[in-house]
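Geometric and topological summary
One-letter residues, chain by chain:
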Amino acid sequence: MKRPNGYGTVTKLSGARRRPYAVRIPAHDSKGRVHQKYLSYHATSAEAWQALETYIQRRGIGAAPAPEDLSVTLQQVYDLWSARKFERAGKSVIATCKASWKRVSRLASMPIRNIGLDHWQSIIDDDERAGLSKSSIDKDAILINALSRFALERDWIMKDYAQFIKLPSLEAKHEKGAFTRIEVEKLSRMAADGVPGADAALVLCYTGFRINEFLSLTRFSYNEKEKTLTGGSKTAAGKNRVVPIHPHIQPYINRWLSEGGERLYSQSGKPITYRQYQHFFQVLMKALDKPQATPHWCRHTFASLLHAGGAAELDVKHLMGHSSKDVTEHYTHLTLEQLRKAILCIA
(Lines give C-alpha, C1' and ligand atoms only; values in the text may rest on other atoms or scores of the structure.)
Protein backbone atom coordinates (compact mmCIF):
# COMPACT_ATOMS: atom_id res chain seq x y z
CA MET A 1 0.00 0.00 0.00
CA LYS A 2 1.38 3.37 -1.02
CA ARG A 3 1.66 5.73 1.92
CA PRO A 4 0.98 9.47 1.55
CA ASN A 5 3.76 12.05 1.40
CA GLY A 6 4.94 13.19 4.80
CA TYR A 7 3.89 9.91 6.40
CA GLY A 8 7.36 8.79 7.39
CA THR A 9 9.56 5.90 6.42
CA VAL A 10 11.65 2.97 7.67
CA THR A 11 15.36 2.78 6.85
CA LYS A 12 17.83 -0.03 7.44
CA LEU A 13 21.04 1.32 8.94
CA SER A 14 24.45 -0.02 7.97
CA GLY A 15 26.72 -2.07 10.17
CA ALA A 16 26.09 -4.82 12.70
CA ARG A 17 23.30 -3.57 14.95
CA ARG A 18 20.81 -5.27 17.23
CA ARG A 19 18.10 -2.88 16.02
CA PRO A 20 19.06 -1.83 12.47
CA TYR A 21 15.63 -0.64 11.30
CA ALA A 22 15.09 3.04 12.03
CA VAL A 23 11.76 4.87 11.92
CA ARG A 24 12.06 8.37 10.50
CA ILE A 25 9.40 11.06 10.34
CA PRO A 26 9.42 14.50 8.69
CA ALA A 27 9.89 17.49 11.00
CA HIS A 28 10.41 21.22 10.58
CA ASP A 29 13.45 23.05 11.93
CA SER A 30 13.43 26.58 13.39
CA LYS A 31 13.52 28.04 9.86
CA GLY A 32 10.62 25.93 8.62
CA ARG A 33 12.74 23.58 6.54
CA VAL A 34 11.73 19.92 6.43
CA HIS A 35 14.19 17.29 7.60
CA GLN A 36 13.97 13.68 8.74
CA LYS A 37 13.97 12.99 12.50
CA TYR A 38 14.64 9.54 13.94
CA LEU A 39 11.75 8.28 16.03
CA SER A 40 12.84 4.77 17.14
CA TYR A 41 14.93 1.70 16.27
CA HIS A 42 13.80 -1.91 15.84
CA ALA A 43 15.05 -5.45 15.21
CA THR A 44 12.84 -6.12 12.20
CA SER A 45 11.30 -4.13 9.38
CA ALA A 46 7.80 -5.25 10.41
CA GLU A 47 8.28 -3.95 13.96
CA ALA A 48 9.53 -0.63 12.62
CA TRP A 49 6.56 -0.13 10.27
CA GLN A 50 4.15 -1.06 13.08
CA ALA A 51 5.84 1.52 15.36
CA LEU A 52 5.46 4.19 12.67
CA GLU A 53 1.79 3.41 12.11
CA THR A 54 1.11 3.43 15.85
CA TYR A 55 2.83 6.80 16.17
CA ILE A 56 0.79 8.27 13.30
CA GLN A 57 -2.44 7.02 14.87
CA ARG A 58 -1.55 8.36 18.31
CA ARG A 59 -0.36 11.63 16.84
CA GLY A 60 -3.71 12.00 15.09
CA ILE A 61 -5.58 11.95 18.41
CA GLY A 62 -3.04 14.13 20.23
CA ALA A 63 -1.59 11.27 22.26
CA ALA A 64 1.96 11.49 20.91
CA PRO A 65 4.46 14.38 20.62
CA ALA A 66 4.73 16.35 17.41
CA PRO A 67 7.91 15.67 15.41
CA GLU A 68 9.33 19.04 16.48
CA ASP A 69 8.88 18.10 20.15
CA LEU A 70 10.66 14.74 20.07
CA SER A 71 14.01 16.25 21.02
CA VAL A 72 12.84 18.49 23.89
CA THR A 73 15.40 17.96 26.67
CA LEU A 74 14.88 17.88 30.40
CA GLN A 75 16.85 21.14 30.61
CA GLN A 76 14.35 22.81 28.29
CA VAL A 77 11.46 21.42 30.33
CA TYR A 78 12.99 22.77 33.54
CA ASP A 79 13.69 26.18 32.01
CA LEU A 80 10.10 26.58 30.81
CA TRP A 81 8.58 25.15 33.99
CA SER A 82 10.74 27.23 36.35
CA ALA A 83 10.10 30.44 34.38
CA ARG A 84 6.41 30.07 35.22
CA LYS A 85 6.83 28.58 38.69
CA PHE A 86 9.26 31.20 39.96
CA GLU A 87 7.05 34.14 38.90
CA ARG A 88 4.77 33.59 41.89
CA ALA A 89 6.95 31.49 44.21
CA GLY A 90 8.63 32.77 47.33
CA LYS A 91 12.39 32.84 47.87
CA SER A 92 12.40 29.67 49.96
CA VAL A 93 10.45 27.71 47.32
CA ILE A 94 12.79 28.92 44.57
CA ALA A 95 15.86 28.00 46.63
CA THR A 96 14.41 24.54 47.31
CA CYS A 97 13.70 23.91 43.62
CA LYS A 98 17.17 25.04 42.60
CA ALA A 99 18.78 22.80 45.23
CA SER A 100 16.84 19.79 43.94
CA TRP A 101 17.61 20.67 40.32
CA LYS A 102 21.35 20.40 41.06
CA ARG A 103 20.80 16.71 41.71
CA VAL A 104 18.16 16.08 39.04
CA SER A 105 20.10 18.00 36.35
CA ARG A 106 22.46 15.13 35.65
CA LEU A 107 19.73 14.09 33.17
CA ALA A 108 19.46 17.62 31.74
CA SER A 109 20.77 16.83 28.26
CA MET A 110 18.47 13.82 27.70
CA PRO A 111 15.31 14.20 25.58
CA ILE A 112 12.45 14.08 28.08
CA ARG A 113 10.75 11.31 26.09
CA ASN A 114 13.81 9.06 26.60
CA ILE A 115 13.75 9.39 30.39
CA GLY A 116 12.14 6.35 31.95
CA LEU A 117 11.36 5.13 35.43
CA ASP A 118 14.85 3.72 36.00
CA HIS A 119 16.43 7.11 35.26
CA TRP A 120 14.16 8.91 37.73
CA GLN A 121 14.54 6.17 40.35
CA SER A 122 18.35 6.30 40.15
CA ILE A 123 18.28 9.92 41.36
CA ILE A 124 16.21 9.02 44.41
CA ASP A 125 18.30 5.93 45.14
CA ASP A 126 21.54 7.95 44.97
CA ASP A 127 20.01 10.58 47.26
CA GLU A 128 19.36 7.89 49.83
CA ARG A 129 22.83 6.37 49.49
CA ALA A 130 24.36 9.84 49.91
CA GLY A 131 22.65 10.16 53.30
CA LEU A 132 20.23 12.94 52.35
CA SER A 133 17.34 13.54 54.69
CA LYS A 134 13.89 12.21 53.81
CA SER A 135 12.79 15.82 53.41
CA SER A 136 15.44 16.49 50.74
CA ILE A 137 14.62 13.25 48.93
CA ASP A 138 10.91 14.08 48.97
CA LYS A 139 11.66 17.52 47.50
CA ASP A 140 13.64 15.93 44.66
CA ALA A 141 10.69 13.62 43.96
CA ILE A 142 8.30 16.59 43.98
CA LEU A 143 10.42 18.39 41.38
CA ILE A 144 10.68 15.27 39.21
CA ASN A 145 6.90 14.80 39.32
CA ALA A 146 6.30 18.45 38.48
CA LEU A 147 8.60 18.34 35.45
CA SER A 148 7.10 15.08 34.23
CA ARG A 149 3.53 16.41 34.53
CA PHE A 150 4.55 19.63 32.76
CA ALA A 151 5.91 17.57 29.85
CA LEU A 152 2.87 15.26 29.78
CA GLU A 153 0.47 18.20 29.59
CA ARG A 154 2.30 19.41 26.47
CA ASP A 155 2.42 15.97 24.81
CA TRP A 156 6.23 15.87 25.00
CA ILE A 157 5.92 12.48 26.67
CA MET A 158 3.26 9.80 26.32
CA LYS A 159 3.53 8.36 29.83
CA ASP A 160 4.28 9.85 33.25
CA TYR A 161 6.88 7.46 34.66
CA ALA A 162 7.63 9.75 37.61
CA GLN A 163 4.42 8.66 39.34
CA PHE A 164 5.91 5.19 39.83
CA ILE A 165 8.99 6.33 41.76
CA LYS A 166 9.54 4.42 45.02
CA LEU A 167 10.55 6.65 47.92
CA PRO A 168 12.56 5.36 50.88
CA SER A 169 10.62 4.58 54.03
CA LEU A 170 10.98 6.58 57.22
CA GLU A 171 13.17 3.81 58.53
CA ALA A 172 16.72 3.92 57.18
CA LYS A 173 17.52 1.03 54.86
CA HIS A 174 21.15 1.01 55.88
CA GLU A 175 22.47 0.14 59.29
CA LYS A 176 23.46 3.23 61.22
CA GLY A 177 26.84 3.11 62.80
CA ALA A 178 30.23 4.67 63.39
CA PHE A 179 33.78 3.49 63.00
CA THR A 180 35.85 2.49 66.02
CA ARG A 181 39.16 4.15 66.81
CA ILE A 182 40.95 1.10 65.46
CA GLU A 183 39.03 1.36 62.20
CA VAL A 184 39.77 5.09 61.95
CA GLU A 185 43.46 4.27 62.45
CA LYS A 186 43.21 1.74 59.61
CA LEU A 187 41.66 4.41 57.40
CA SER A 188 44.52 6.71 58.37
CA ARG A 189 47.11 4.13 57.33
CA MET A 190 45.30 3.46 54.04
CA ALA A 191 45.18 7.21 53.37
CA ALA A 192 48.91 7.48 54.03
CA ASP A 193 49.48 4.58 51.63
CA GLY A 194 47.49 6.34 48.91
CA VAL A 195 44.51 3.96 48.79
CA PRO A 196 41.90 5.76 46.62
CA GLY A 197 39.19 7.43 48.68
CA ALA A 198 40.79 6.73 52.07
CA ASP A 199 41.97 10.33 52.42
CA ALA A 200 38.42 11.60 51.81
CA ALA A 201 36.92 9.13 54.28
CA LEU A 202 39.41 10.27 56.91
CA VAL A 203 38.61 13.94 56.26
CA LEU A 204 34.90 13.16 56.59
CA CYS A 205 35.58 11.53 59.97
CA TYR A 206 37.43 14.65 61.14
CA THR A 207 35.02 17.28 59.80
CA GLY A 208 31.52 15.80 60.04
CA PHE A 209 30.41 16.93 56.59
CA ARG A 210 27.79 14.87 54.81
CA ILE A 211 29.14 13.26 51.65
CA ASN A 212 27.13 15.54 49.34
CA GLU A 213 28.29 18.59 51.32
CA PHE A 214 31.89 17.44 51.14
CA LEU A 215 31.85 16.77 47.39
CA SER A 216 30.38 20.27 46.86
CA LEU A 217 33.24 22.06 48.65
CA THR A 218 35.37 24.22 46.38
CA ARG A 219 38.94 25.40 46.81
CA PHE A 220 37.42 28.69 48.02
CA SER A 221 35.70 26.83 50.88
CA TYR A 222 39.12 26.64 52.50
CA ASN A 223 40.47 29.58 54.50
CA GLU A 224 44.26 29.43 54.28
CA LYS A 225 44.82 31.94 57.08
CA GLU A 226 42.44 30.37 59.61
CA LYS A 227 42.86 26.76 58.42
CA THR A 228 39.10 26.18 58.23
CA LEU A 229 36.51 24.79 55.83
CA THR A 230 33.17 26.50 55.31
CA GLY A 231 30.27 24.50 53.90
CA GLY A 232 27.15 22.55 54.73
CA SER A 233 23.48 22.40 53.86
CA LYS A 234 20.00 21.39 55.06
CA THR A 235 19.34 23.71 58.03
CA ALA A 236 20.10 27.34 58.84
CA ALA A 237 22.58 26.11 61.44
CA GLY A 238 24.13 23.67 58.99
CA LYS A 239 24.61 26.03 56.07
CA ASN A 240 27.99 27.73 55.77
CA ARG A 241 29.20 26.38 59.08
CA VAL A 242 32.87 26.78 59.87
CA VAL A 243 34.89 23.67 60.74
CA PRO A 244 38.54 24.06 61.81
CA ILE A 245 40.95 21.60 60.20
CA HIS A 246 42.49 19.03 62.51
CA PRO A 247 46.29 18.80 62.02
CA HIS A 248 45.96 15.10 61.18
CA ILE A 249 44.07 15.83 57.94
CA GLN A 250 45.81 19.08 56.97
CA PRO A 251 48.25 17.32 54.58
CA TYR A 252 45.38 15.92 52.52
CA ILE A 253 43.71 19.33 52.25
CA ASN A 254 47.04 20.81 51.11
CA ARG A 255 47.54 18.10 48.50
CA TRP A 256 44.07 18.53 47.01
CA LEU A 257 44.55 22.29 46.81
CA SER A 258 47.91 21.85 45.08
CA GLU A 259 46.21 19.94 42.25
CA GLY A 260 44.54 23.16 41.14
CA GLY A 261 41.01 21.85 40.72
CA GLU A 262 37.93 23.99 41.25
CA ARG A 263 36.51 21.49 43.75
CA LEU A 264 38.41 20.84 46.96
CA TYR A 265 38.41 17.06 46.59
CA SER A 266 39.72 16.10 43.19
CA GLN A 267 42.04 13.82 41.28
CA SER A 268 44.52 15.55 38.99
CA GLY A 269 42.36 18.65 39.29
CA LYS A 270 39.17 16.88 38.21
CA PRO A 271 36.19 16.74 40.63
CA ILE A 272 35.07 13.41 42.05
CA THR A 273 31.42 12.51 41.51
CA TYR A 274 29.28 10.71 44.07
CA ARG A 275 29.23 7.58 41.92
CA GLN A 276 33.04 7.57 41.70
CA TYR A 277 33.41 8.03 45.43
CA GLN A 278 30.82 5.37 46.13
CA HIS A 279 33.07 2.88 44.30
CA PHE A 280 36.12 3.99 46.32
CA PHE A 281 34.16 3.71 49.55
CA GLN A 282 32.87 0.21 48.85
CA VAL A 283 36.44 -0.99 48.27
CA LEU A 284 37.53 0.65 51.53
CA MET A 285 34.71 -0.94 53.49
CA LYS A 286 35.55 -4.35 52.09
CA ALA A 287 39.09 -3.89 53.43
CA LEU A 288 37.65 -2.89 56.83
CA ASP A 289 35.18 -5.79 56.76
CA LYS A 290 32.32 -3.27 57.02
CA PRO A 291 30.33 -3.87 53.83
CA GLN A 292 27.19 -2.45 55.46
CA ALA A 293 28.79 0.93 56.12
CA THR A 294 27.87 4.08 54.17
CA PRO A 295 29.70 7.42 53.91
CA HIS A 296 27.27 8.74 56.52
CA TRP A 297 29.06 6.57 59.09
CA CYS A 298 31.92 9.08 58.87
CA ARG A 299 29.62 11.82 60.15
CA HIS A 300 28.53 9.65 63.09
CA THR A 301 32.19 8.86 63.72
CA PHE A 302 33.00 12.57 63.93
CA ALA A 303 30.36 13.06 66.62
CA SER A 304 31.57 9.98 68.49
CA LEU A 305 35.20 11.15 68.43
CA LEU A 306 34.23 14.59 69.73
CA HIS A 307 32.17 13.13 72.57
CA ALA A 308 34.91 10.64 73.46
CA GLY A 309 37.44 13.49 73.58
CA GLY A 310 35.31 15.47 76.00
CA ALA A 311 34.06 18.22 73.67
CA ALA A 312 31.15 20.26 75.04
CA GLU A 313 27.71 19.22 73.80
CA LEU A 314 26.96 22.64 72.32
CA ASP A 315 30.34 22.62 70.55
CA VAL A 316 29.46 19.27 68.99
CA LYS A 317 26.03 20.50 67.88
CA HIS A 318 27.53 23.57 66.27
CA LEU A 319 30.24 21.64 64.41
CA MET A 320 27.67 19.10 63.22
CA GLY A 321 25.33 21.85 62.03
CA HIS A 322 22.50 20.82 64.35
CA SER A 323 19.94 23.52 64.90
CA SER A 324 18.61 24.52 68.31
CA LYS A 325 17.82 27.67 70.23
CA ASP A 326 20.62 26.95 72.70
CA VAL A 327 23.18 26.64 69.92
CA THR A 328 22.12 29.96 68.36
CA GLU A 329 22.28 31.81 71.66
CA HIS A 330 25.52 30.20 72.83
CA TYR A 331 27.41 30.91 69.61
CA THR A 332 26.39 34.52 69.13
CA HIS A 333 29.81 35.51 70.45
CA LEU A 334 31.65 32.25 69.81
CA THR A 335 35.28 32.57 68.79
CA LEU A 336 37.01 30.43 66.22
CA GLU A 337 39.49 29.45 68.92
CA GLN A 338 36.71 27.76 70.88
CA LEU A 339 35.78 25.67 67.85
CA ARG A 340 39.42 24.81 67.25
CA LYS A 341 39.77 23.57 70.84
CA ALA A 342 36.73 21.37 70.33
CA ILE A 343 38.23 19.87 67.16
CA LEU A 344 41.50 19.17 68.98
CA CYS A 345 39.54 17.04 71.47
CA ILE A 346 39.89 14.38 68.80
CA ALA A 347 43.14 12.62 69.65
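None of these values were measured; they are calculated from a predicted model.

Here the focus is the pattern of salt bridges. This structure, assessed with the given rule, holds 13 salt bridges. The partner of Arg-103 in a salt bridge is Asp-127, with the nearest N and O atoms 3.9 Å apart. Of the two residues, Arg-103 sits in helix H3 (residues 91-104) while Asp-127 sits in helix H4 (residues 117-129), which places them 24 residues apart along the sequence. Using a relative accessible area of 24% as the deciding quantity, one classes Arg-103 as partly exposed. Judged by its relative accessible area of 4%, Asp-127 is buried. Connected through salt bridges with shared partners, the residues Arg-106, Asp-126, Arg-129 and Arg-275 form a single ionic network.

So, on to the nonpolar core. Considering soluble globular proteins, one finds that nonpolar side chains tend to be buried as a cluster. If you look at the biggest cluster of nonpolar residues, it comprises 84 residues, and the most contacted ones within it are Ile-112, Trp-120, Phe-179, Phe-214 and Tyr-277. Every residue in contact with Tyr-277, bar those within four places of it in the chain, is listed here: Gly-197, Ala-200, Ala-201, Leu-204, Ile-211, Tyr-265, Ile-272 and Leu-284. The next biggest cluster of nonpolar side chains, apart from the first, holds 8 residues, and it includes Tyr-7, Val-23, Ala-48 and Tyr-55.

Below, the discussion takes up the environment of Pro-251. Mapped onto the elements, Pro-251 comes out in helix H9 (residues 250-258). Note: C-alpha distance between Pro-251 and Asp-199 (52 residues apart in sequence) is 9.6 Å.

Moving on to the packing of H4 against helix H10 (residues 274-288). Across the interface, H4 lies against H10 with an axial gap of 12 Å and an inter-helix angle of 50 degrees. In terms of orientation, H4 and H10 fall into the oblique class. Two packed elements cross with a definite hand, and for H4 against H10 that hand is left-handed. Within the contact between the two elements, H4 uses Ser-122, Asp-126 and Arg-129 and H10 uses Tyr-274, Arg-275 and Gln-278. Classifying every residue of the contact of H4 with H10 by side-chain character gives 1 nonpolar, 2 polar and 3 charged.

A few words on the side chain of Thr-301. Position of Thr-301 relative to the elements: it lies in helix H11 (residues 296-308). The buried category is assigned to Thr-301, whose relative accessible area is 0%. Separated by 2.7 Å, the side chain of Thr-301 and the backbone oxygen of Trp-297 make a polar contact. What Thr-301 contacts, discounting residues up to four positions off in sequence, is Ala-178, Phe-179, Val-184 and Cys-205.

Calculation notes
Residues numbered from 1 in each chain as written. Predicted model: local features only at pLDDT ≥ 70, side-chain atom pairs only at ≥ 80, totals over all residues. Heavy atoms only, no water. Salt bridge = Lys/Arg side-chain N within 4 Å of Asp/Glu carboxyl O. Helix = DSSP H or I, 4+ residues; strand = E, 2+ residues; numbered from the N terminus. Buried < 20%, exposed > 50% of the residue type's maximum accessible area, 1.4 Å probe, protein only. Core = buried A, V, L, I, M, F, W, Y, C linked by side-chain atoms within 4.5 Å. Contact = heavy atoms within 4.5 Å. Axes fitted to C-alpha atoms, helices over the stretch in contact; angles between N-to-C directions. Parallel < 35°, antiparallel > 145°, perpendicular 65-115°, else oblique. Left-handed = near helix turned anticlockwise from the far one by under 90°. Nonpolar A, V, L, I, M, F, W, Y, C, P; charged D, E, K, R; others polar. Polar contact = N/O pair within 3.5 Å; in protein donor to acceptor, adjacent residues only side chain to side chain.

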